[in-house]
Amino acid sequence: MNKIYSTIPLAQCIVELCVAKRIFDIVISPGSRNAPLTIGFANHPKINSFSIVDERSAAFFALGMAQQFQKPVVLVCTSGSALLNYYPAVAEAFYSDIPLVVISADRPENLIDIGDGQTIRQPNVFKNHILYSANLKSNPQDSPSEKISFFNETEINRALNLAFERNGPVHINAPFAEPLYKKTDKLAVSVDNIPRQTENRTIVPSEVESFLQNWNNSDRKMILVGVNFPKEIDEEHLEYFAEDPSVLVFTETTSNLHHENFFPSIDTIIAPIETDENAVHYFKKLQPEVLLTFGGMVISKKVKAFLRNYPSKYHYHIDSKKACDTFFSLTKHFEIEPNAFFDKIIPEINHGYGDYRKFWDEVKIYRKKKRSEYLEQIPYSDFMVFDEIFKNFPAGRMLQIGNSSAIRYAQLFDLKKTISVFCNRGTSGIDGSVSTAIGAAVASEKPTVLVIGDLGFLYDSNGLWNNYIPENFKIIVVNNGGGGIFRILPGDNTTDYFEKFFETAHQLTAEHLAKMYHFGYEKIEQEEELSPKLKTFFSTETKQILEIFTPKEINPNVLLNYFDYIRK
C-alpha cells in the first residue's frame, strides 16, 4: 500500500507519532472534521484501522482490544457530541487502568461558540477521568508557526507516552481548518519521537521492615485479590501462600487465580454468617490481623462490609500505580508490581501456625457440599442456569461477563482454571459489555463467550453493529424479563412503580437482533433443555446467541434461600 497523507501537517504529525510509538490499532467513527486523521490512519500500511459508527460502541470495542493487548489503542472521532459518547468507556478505562488514546477532531478556536453545527467546548472535556488532556493549537497552513508546531508535537508525545507509562486514558484534541479532504503522497513533517520513561520500581529494606514484623508476628493473615490479568502472578508465589496455614487467600472470579487451598467464592463464606445467631463470634474468628491486597476493583459487597466492620490491624496494598482505601484502614501502599514485591519479601517471611485456614477450609468444604445438595432440589431458575453454564463451559476459552446479576452469580461458582475471565469492573456499569467483549475477542483471537443479562445485552445491542465479529464469538443472554438484581436488593418489589422504574419489565428478546446481525439463535425455556442445548451451543463453530429465559418471580427466592441453606 502506498502511503497517502492528509495535506494538514498536524494530522500527519499525529499519525507519524502513533506509528513511531508502535500504536497500530485505530478505531475510527465516521465524520467530516476527523477526515484528515481518517485519511492518514486508513492509508498507512502499518495501521490496523477499524470503522465503527456508534461512538459509544466504538470506544468500548477499543477498550476490549486494549484490555487484551495491554497497550494503547486509539479512538478517532469527529467534533461535537461524538466525543461525549466516548465518556463511559473513558471512565471505565480510567478506573480499570486500561490505556486508551482518544483523538478528537475539532474546529479552530475562533469557530467555537459562534453558532456553527457540531461544535462544543471540547478541550478538557474528560478532566475528571483522564490522565492527560493535550489541547492542540490550530496552525495555519499558509503561514505555519514553528512555535505552534513544536508545542503540538510535544503535547502529542506527552499524551501518548503517559498512556503507556500510567496505563490509562489520554485525550488529544486536534483542531483542523478546512479544507479537510485534501491528500498528498508527500510527508511534510519530521517528528521527534520523545522516548517514554521507564521506571523499574523497587522497595528498600526500610520500607518493608514494619510489614515483615507485622506479618511474621500474626496468626491470621488474609490476601484479597481483585481484578487480575491471567497468569500475571508467578506460580511459585501462589504456592507459597497456599501452603501457609495462617493465610486465607480470597479470590474473585475476575482475579484469574486458582488453587485448591484458595477461597474463590467469598460470598459463600461470608453471607451465611450475617444471619447466624453467633455472627459476631464467627466474624471475629474470620477477622484478619494483616490484610494484603492487590489487583483491581473488588466485586463482593459482602467482603467490603465485613472488612469495614471488622478491620484488620494492618492493611497493605501492592500496586505500582495507585491504592484505593476500600476498607478505610490502609496502612501502607507499596508502589511496585506484585511479583517484584513477592520476590523481595517471601525470602524474609515465615509460614505461620494455628488453625486459621484449617477452620475456614472445613467451612468451605461443608458449604460446597451444601451447595451441591441445594442444586439438586431447586426449581428452574437463574441459579440453576448459571450453574449449568459454568459446568458446561469449555476449558481454554475467554469468558466475558456482563455486570449486575451476571457477574454476581458467577462469583458463587467454581470456574475451570484455564478459563480467562474479564468484566468491566472499573465503573461496574452495564453499558458497553457487548462491545468490550467483541473488541477483546478480535484482539485475543481466542474463542470468546459473553455471558450477560437481558438489560445489559439490549442496552449495548449496537455493539453487534460492526464487521469484525469473529466466527467463534458466542453470547449467552440470561433473560429474566428486566433488572432481576433489583428483586434481590432490599425494597418493596410488589408495587407497580417497582416494575416500571426499577426492574423495567419488558417482553423483548434477542431473536430478531440475532437475525439482523447474522447470528445463529437458539432459546431455552425449561430445565430439560439446559444441558443438551448448552453442549450443542458450545460445540458449534459459528456465531451464536443462546437466550435462556428464567422466571423472574422465582429467581430472587432461590438465591436468597441459598445462603440460608448452606449455613444450617
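The coordinates are above.
About the cut-offs
Residues numbered from 1 in each chain as written. Predicted model: local features only at pLDDT ≥ 70, side-chain atom pairs only at ≥ 80, totals over all residues. Heavy atoms only, no water. Helix = DSSP H or I, 4+ residues; strand = E, 2+ residues; numbered from the N terminus. Rg over C-alpha atoms; globule rule 2.2 N^0.38 Å. Buried < 20%, exposed > 50% of the residue type's maximum accessible area, 1.4 Å probe, protein only. Areas by Shrake-Rupley, 256 points an atom, 1.4 Å probe, with all protein chains shown as cover. Lys, Arg positive; Asp, Glu negative; His and termini not counted. Charge placed at Lys NZ, Arg CZ, Asp CG, Glu CD. Pairing = 2+ DSSP bridges. Salt bridge = Lys/Arg side-chain N within 4 Å of Asp/Glu carboxyl O. Axes fitted to C-alpha atoms, helices over the stretch in contact; angles between N-to-C directions. Contact = heavy atoms within 4.5 Å. Patch = residues over 30% accessible without salt bridge, like charges linked within 9 Å, V, L, I, M, F, W, Y side chains within 5 Å. Parallel < 35°, antiparallel > 145°, perpendicular 65-115°, else oblique. Left-handed = near helix turned anticlockwise from the far one by under 90°. Nonpolar A, V, L, I, M, F, W, Y, C, P; charged D, E, K, R; others polar. Right-handed = clockwise from strand over helix to strand, strands pointing away. Phe/Tyr/Trp six-rings, centres within 6.5 Å; stacked < 30°, edge-to-face > 60°. Lys NZ or Arg CZ within 6 Å of the ring centre and 35° of its normal. Polar contact = N/O pair within 3.5 Å; in protein donor to acceptor, adjacent residues only side chain to side chain. Disulfide = S-S within 2.5 Å.

### Notes on the overall build of the protein chain
Okay, step 1: Assigned secondary structure in the protein chain consists of 22 helices and 19 strands.
Okay, step 2: For 568 residues, the compact-globule formula gives about 24 Å, and the C-alpha radius of gyration of the protein chain, at 26 Å, lands near that figure.
Okay, step 3: If one aligns the C-alpha atoms of the protein chain with their principal axes, the spans along those axes are about 80 × 60 × 40 Å.
Okay, step 4: The buried share of the protein chain, reckoned over its 568 residues, is 56%.
Okay, step 5: Of the roughly 24,700 Å² of accessible surface on the protein chain, a fraction of 49% belongs to carbon and sulfur atoms.
Okay, step 6: Distance from the positive charge centre (59 side chains) to the negative charge centre (70 side chains) of the protein chain: 1 Å.

### Examining the pairing of strand β7 (residues 170–175)
Okay, step 1: Burial within β7 is extensive, with six of its six residues counted as buried.
Okay, step 2: Every second residue of β7 is oriented toward a common face, with V170, I172 and A174 on one face and H171, N173 and P175 on the other, all of them buried.
Okay, step 3: The pairing of strand β5 (residues 100–106) with β7 spans six bridges and is parallel. The partner of S104 across the bridge, within β7, is N173.
Okay, step 4: By the bridge criterion, four bridges tie strand β6 (residues 132–135) to β7 in an arrangement that is parallel. Bridge pairing in β7 places Y132 opposite V170.

### Comments concerning the pattern of salt bridges
Okay, step 1: In the structure shown here, the tally under the stated rule is 21 salt bridges.
Okay, step 2: The residue D361 makes a salt bridge to R357 at a minimum N-O spacing of 3.4 Å. Placement of both D361 and R357 in helix α13 (residues 356–377) is noted, with a separation of four residues, approximately one turn of the helix.
Okay, step 3: Among the residues examined, D361 registers a relative accessible area of 15% and is labelled buried.
Okay, step 4: Here R567 makes a salt bridge to D564, at a shortest N to O gap of 2.6 Å. Here R567 pairs with D564, and both are found in helix α22 (residues 555–567), just three residues apart, close to one helical turn.
Okay, step 5: Judged by its relative accessible area of 27%, D564 falls in the partly exposed class.
Okay, step 6: Through salt bridges with shared partners, a single ionic network connects D97, K321 and K322.

### Here's the deal with the sheet that holds strand β15 (residues 420–422)
Backbone-to-backbone hydrogen bonds pair the strands of a sheet. The strands run either parallel or antiparallel.
Okay, step 1: Within the open sheet, the six strands sit side by side as β15-β14-β16-β17-β19-β18. Their pairing is parallel. Each end of this open sheet is capped by a strand with a single partner; those strands are β15 and β18 (520–524). Ignoring which end each strand starts from, the neighbouring axes of this sheet average 20 degrees apart.
Okay, step 2: Both strand β17 (residues 474–479) and strand β19 (residues 544–549) contribute to a ladder of six bridges, which runs parallel. From the neighbouring strand, I475 faces β19, where its bridge partner is I545.
Okay, step 3: With respect to the sheet, helix α16 (residues 433–444) is in contact with β14 (398–401) and β16 (448–453), its orientation differing from that of β16 by roughly 175 degrees.

### Some points on unusual backbone geometry
Okay, step 1: In this structure, P179 follows E178 across a cis peptide bond, with omega equal to 5 degrees.
Okay, step 2: Along the chain, P179 falls in the loop between β7 and β8 (183–184).
Okay, step 3: With phi around 60 degrees, R22 is a residue other than glycine that occupies positive phi space.
Okay, step 4: Mapping R22 onto the fold places it in the loop between α1 (9–20) and β2 (25–28).

### Thoughts on the sheet that holds strand β13 (residues 330–334)
Okay, step 1: The strand order across the open sheet built from five strands is β10-β9-β11-β12-β13, with neighbouring strands paired in parallel fashion. Both edges of this open sheet fall to β10 (247–251) and β13, since each of them pairs with a single strand only. Taken over all neighbouring pairs, the strand axes of this sheet differ in orientation by 20 degrees on average, direction set aside.
Okay, step 2: Bridge count for strand β9 (residues 221–225) against β10 is five bridges, and the pairing is parallel. Note that in β10 the partner of I223 across the bridge is V249.

### With respect to a positive patch on the surface
Okay, step 1: Together, K3, R22, K46 and K71 give the surface a local cluster of positive charge.
Okay, step 2: Looking at where K46 falls in the secondary structure, it is placed in the loop between α2 (35–42) and β3 (48–51).

### Some thoughts on the packing of α13 against α22
Okay, step 1: Two numbers describe how α13 lies on α22: the axes approach to 9 Å, and their chain directions differ by 135 degrees. One way to sum up the angle between α13 and α22 is to call them oblique. The two elements α13 and α22 cross, and the hand of that crossing is right-handed. For the pair formed by α13 and α22, the contact residues are Y366, R367, K370, R371, E373, Y374 and Q377 on the first element and N557, V558, N561, Y562, Y565, I566 and R567 on the second.
Okay, step 2: Class assignment of the residues belonging to the contact of α13 with α22 gives a composition of six nonpolar, three polar and five charged.

### Description of the pairing of β19
Okay, step 1: Counting buried positions along β19 yields six of six residues, so the element is predominantly enclosed.
Okay, step 2: One ladder, built from five bridges, connects β18 with β19; its direction is parallel. Each residue of the ladder has a partner; that of I524, found in β19, is I548.
Okay, step 3: As a crossover connection, the stretch from β18 through helix α21 (residues 527–539) into β19 is right-handed.

### Things to note about the environment of C13
Okay, step 1: Tracing the sequence through the fold places C13 in helix α1.
Okay, step 2: For C13, a relative accessible area of 6% gives the class buried.
Okay, step 3: Not counting the four nearest positions on each side in its chain, C13 is found in contact with E153, I156, V189 and V191.

### Thoughts on the packing of aromatic side chains
Okay, step 1: Taken as a whole and assessed by the stated rule, the structure comprises 35 aromatic pairs.
Okay, step 2: Site record: aromatic cluster; members linked through ring pairs are F211, W215, Y240, F241, F294, Y316, F334, F341 and F342.
Okay, step 3: A cation over an aromatic ring shows up here: K370 above the ring of Y565, its NZ or CZ 4.5 Å from the ring centre.

### Section: the side chain of S300
Okay, step 1: Following the sequence through the fold, S300 ends up in the loop between β11 (290–294) and α11 (301–309).
Okay, step 2: The class of S300 is buried, set by a relative accessible area of 1%.
Okay, step 3: At 3.3 Å, the side chain of S300 forms a polar contact with the backbone nitrogen of K302.
Okay, step 4: Ignoring any residue separated from it by four or fewer positions in sequence, one finds S300 in contact with E252, I266, D267 and Q411.

### Observations regarding the state of the cysteines
Okay, step 1: Counted under the stated rule, the structure contains zero disulfides.
Okay, step 2: In this structure C18 is not part of a disulfide, and its nearest cysteine sulfur, from C13, lies 9.5 Å away.
Okay, step 3: On the basis of relative accessibility, which here comes to 1%, the residue C18 falls in the buried class.
Okay, step 4: C77 takes part in no disulfide bond, and the closest cysteine sulfur to it belongs to C18, at a distance of 14 Å.

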